[in-house]
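Residue-level structure breakdown
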Amino acid sequence: MSDTHAQSVAFVRGTEIPPSPPPATQRGAVKWLRENLFSSWANALLTIAALYVIYLVAVAVLPWLVNGVWTTTSLTACREVLQGQVGACFSVLTERWNQLLFGFKYPSDQYWRPGIAFLLLFAAAAPVMFFKLPRKLLIITALYPFIAYYLIWGGTILTPLVALLGFVAGYLGYARLVKQNFAAGFFAAIAAAALTWWIGGMIAEAVAPARPWLEEVPSRDMGGFMLNMILGVTCVSLSIPLGILLALGRQSNLPLIKWTCVVFIEFIRGVPLITLLFVANVVLAYFLPPGTSFDLILRVIIMITMFSSAYIAEVIRGGLAALPKGQYEAGDSLGLDYPQAMRLIILPQALKISIPGIVNIAVGLFKDTTLVSVISMFDLVGMIRGPILASSEWNGVYWELFGFAALLFFVVCYGISQYSQWLERQLSTGHR
Amino acid sequence: MAEAQMKVSDEVAISIRKMNKWYGSFHVLRDIDLTVNRGERIVICGPSGSGKSTLIRCINALEEHQTGTIEVDGIKLSSDIKNIDKIRREVGMCFQHFNLFPHLTILENCTLAPIWVRKITKREAEETAMHFLEKVKIPDQAHKYPGQLSGGQQQRVAIARSLCMKPRIMLFDEPTSALDPEMIKEVLDTMIELAEEGMTMICVTHEMGFARQVANRVIFMDEGQIVEQNEPEEFFNNPKSERTKLFLSQILGH
């Protein structure tokens, strides 16, 4: 190596370079604009085109929103106020909000009942959704279905009480016999619950007061967004546990259980929901013993739950399949039995993987509850298409009504989606 | 040398008689006869596919055998699930890929089975867990998740997790083969310490240094059969079968 070369390689820093801010083009808003909107001439063109489209939409929508009329009693009156100007006729919402939310038959002096049930829903859902809350709060969740039923349907308080007692009796029967054998506990639970419901049902019918504290509202009077919420909340909360059971059943070593689950899942997934709803509405009556009337809402809940639980089962099966076999083996080798291994090791991980898929189905299910308008139930969409648009006052108000329906559904669905993303972040433990 | 202190009792811990296993029509384990006394440390080696992992996985019924008998601690292994769980409680196992539960912290990994299977209180379980985590020298990681630890640390946690069940027998299924060279030593040190305390151990491993130092019997398997077994000194210096010689020359020859 020559001397000159060695000199050019060797280097010792004499003075320190103080830190300085990046040039203006490389920071803040300017940098962001350059990188995201104007990084190349093609992107710049697209940005300008997009801005133009936004402008067009704003020009069309903003006056419509701003000029909106809120206080008239019919579409004709709206048009008179607007005098040919562009403007929405929001008065349909202020005039018919009660029908949109509760249907047109629910007694208007009783609106506070579903209102309270709705507020209590948050209290009931919170302990399930947020693990950091004390576990004792789950008692509210367990009692909520009975409270909500009583509030919304009213009638004699004995009905929800007997239902609750049936579950308690079933649990006691299960706890008594499960130590001997799971099957014995299972059937004891069913027998105890059925017996309680049968006897309790007879007693409740015999002593039902003529004028109960809360006026009874029959199922056919339920409507509006309340009906969507009833169906959505009930079906989601029933179909997730059912889906888990179906997914586990599909993996079972016992052929009878396995094939029952496979046939159920494949059959339900192969049939459109609307067909199942028609079955619930019309055909199911043929299969029931004559004289028994089976509540229509209950029939619809059963059908939607079956439908979505089949889908959820498949999503969870994906989560189960994604777990390495070693997790099952580690659980086994530590001596955990099947229910423990599933509950403590397999399901927490499989469900975590399945969250996006489950939420996807839950959101879809919630929106699918509007399909019941096809079997002449007056849910939110049914109310709009039926009583409101058919009325002489509001015939022709489409944008405002369907926009309102879309907004209500969007708020709920976006909320669910945001919650699921938060949950995924909470549950991430940095494993590969 | 530590070996001198390690006593082997006459009590039989594991006894395998005429055990055969097939995967479909493939005969993986053929007429296995093996008796392990309490306190024995056995190393099983052999080429891949020779059935050595399958053999130790049969001992805690992760794999089912078709004929012959396996007796662990006097309990005969049958297809009865209660029987199997009883054996699994007495037999700890470490896997090649650690198989820690990634959704639980290190401490929760260690306390889960004692709480749910041994039914001890959470506090007691945590004390035991901390004791064993100290033993494998990672008590300070107790509240981290497995994904935040290195491979060697994870394997040591896996050992601690098994020990928390207070097993009388430990099975190791290639515990170091998924590890970087630097981490192998820390895991082997833990295993050596365990051996010195008199734990009955069966290790499937290719760490021949470990075998020489710790094992009191080395078993060589090929094609589902036990080809040769001997004390380590004799086994390495004076192998009898041609197949063993070939195997040893290949793994020690570089």
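This report concerns the structure included in the present document. (Residues numbered from 1 in each chain as written. Chains lettered and ligands numbered in written order. Predicted model: local features only at pLDDT ≥ 70, side-chain atom pairs only at ≥ 80, totals over all residues. Heavy atoms only, no water.)

This part covers unusual backbone geometry. Residues and elements named next belong to chain B. For aspartate 73, which is not glycine, the phi dihedral falls at a positive 55°. Relative to the helices and strands, aspartate 73 resides in the loop between strand 4 (67-72) and strand 5 (75-76). Look at asparagine 99: it is not a glycine, yet its phi comes out positive at around 55°. By the element assignment, asparagine 99 lies in the loop between strand 6 (91-94) and helix 4 (106-116). (Helix = DSSP H or I, 4+ residues; strand = E, 2+ residues; numbered from the N terminus.)

This next bit is on the interface of chain B and chain A. Facing the 23 residues of chain B at the interface are 22 residues of chain A. A buried area of about 2100 Å², summed over both sides, lies between chain B and chain A, and 60% of it is on carbon and sulfur atoms. The largest per-residue losses of area from chain B upon contact with chain A belong to Pro102(B), His103(B) and Trp116(B), which jointly make up 27% of the total buried on that side. Inspection of the chain B/chain A interface yields one salt bridge. With a shortest N-O distance of 2.6 Å, Arg57(B) and Glu329(A) are connected by a salt bridge. Looking at the side of chain B that touches chain A, the elements with two or more residues in it are helix 3 (81-90), strand 6, helix 4 and helix 6 (151-163) of chain B. (Contact = heavy atoms within 4.5 Å. Buried area = accessible area lost by both parts, 1.4 Å probe. Salt bridge = Lys/Arg side-chain N within 4 Å of Asp/Glu carboxyl O.)

In this section: the pattern of salt bridges. All names here are of chain A. Applying the stated rule across the entire model yields 27 salt bridges over all chains. Salt-bridge contacts for arginine 96 lead to glutamate 95; the nearest nitrogen and oxygen are separated by 3.7 Å. The exposure class of arginine 96 is buried, given its relative accessible area of 12%. Since its relative accessible area comes to 33%, glutamate 95 is described here as partly exposed. (Buried < 20%, exposed > 50% of the residue type's maximum accessible area, 1.4 Å probe, protein only.)

Residues and elements named next belong to chain B. Taking 1.5 Å per residue as the helical rise, helix 5 (residues 122-135) with its 14 residues ought to reach 20 Å, and the 20 Å between its terminal C-alpha atoms agrees with that figure. Among the residues making up helix 5, those that are buried are Ala125, Thr128, Ala129, Phe132, Leu133 and Lys135. The buried residues of helix 5 occupy an angular sector of 150° when projected down its axis, which confines them to one face. The inward-facing, buried residues of helix 5 abut helix 4, helix 6 and helix 7 (181-196). The first or second residue beyond helix 5 is lysine 137, which carries a positive phi of 70°. (Expected span 1.5 Å × (residues − 1). Arc of directions from axis to C-beta.)

Moving on, we get to a nonpolar patch on the surface. Residues and elements named next belong to chain A. Among the surface-exposed residues, Trp112, Ile116, Leu120, Phe130, Leu133, Leu137, Ile139, Ile140, Leu143 and Ile147 lie close enough to one another that they form a single nonpolar patch of about 780 Å² accessible area. Elements with a contribution of two residues or more to the nonpolar patch: helix 6 (112-129) and helix 7 (138-153). Of the residues forming the nonpolar patch, the biggest block, four residues, is contributed by helix 7. With respect to the secondary-structure elements, isoleucine 147 resides in helix 7. Take isoleucine 147: its relative accessible area is 38%, and that puts it in the partly exposed class. (Patch = residues over 30% accessible without salt bridge, like charges linked within 9 Å, V, L, I, M, F, W, Y side chains within 5 Å. Areas by Shrake-Rupley, 256 points an atom, 1.4 Å probe, with all protein chains shown as cover.)

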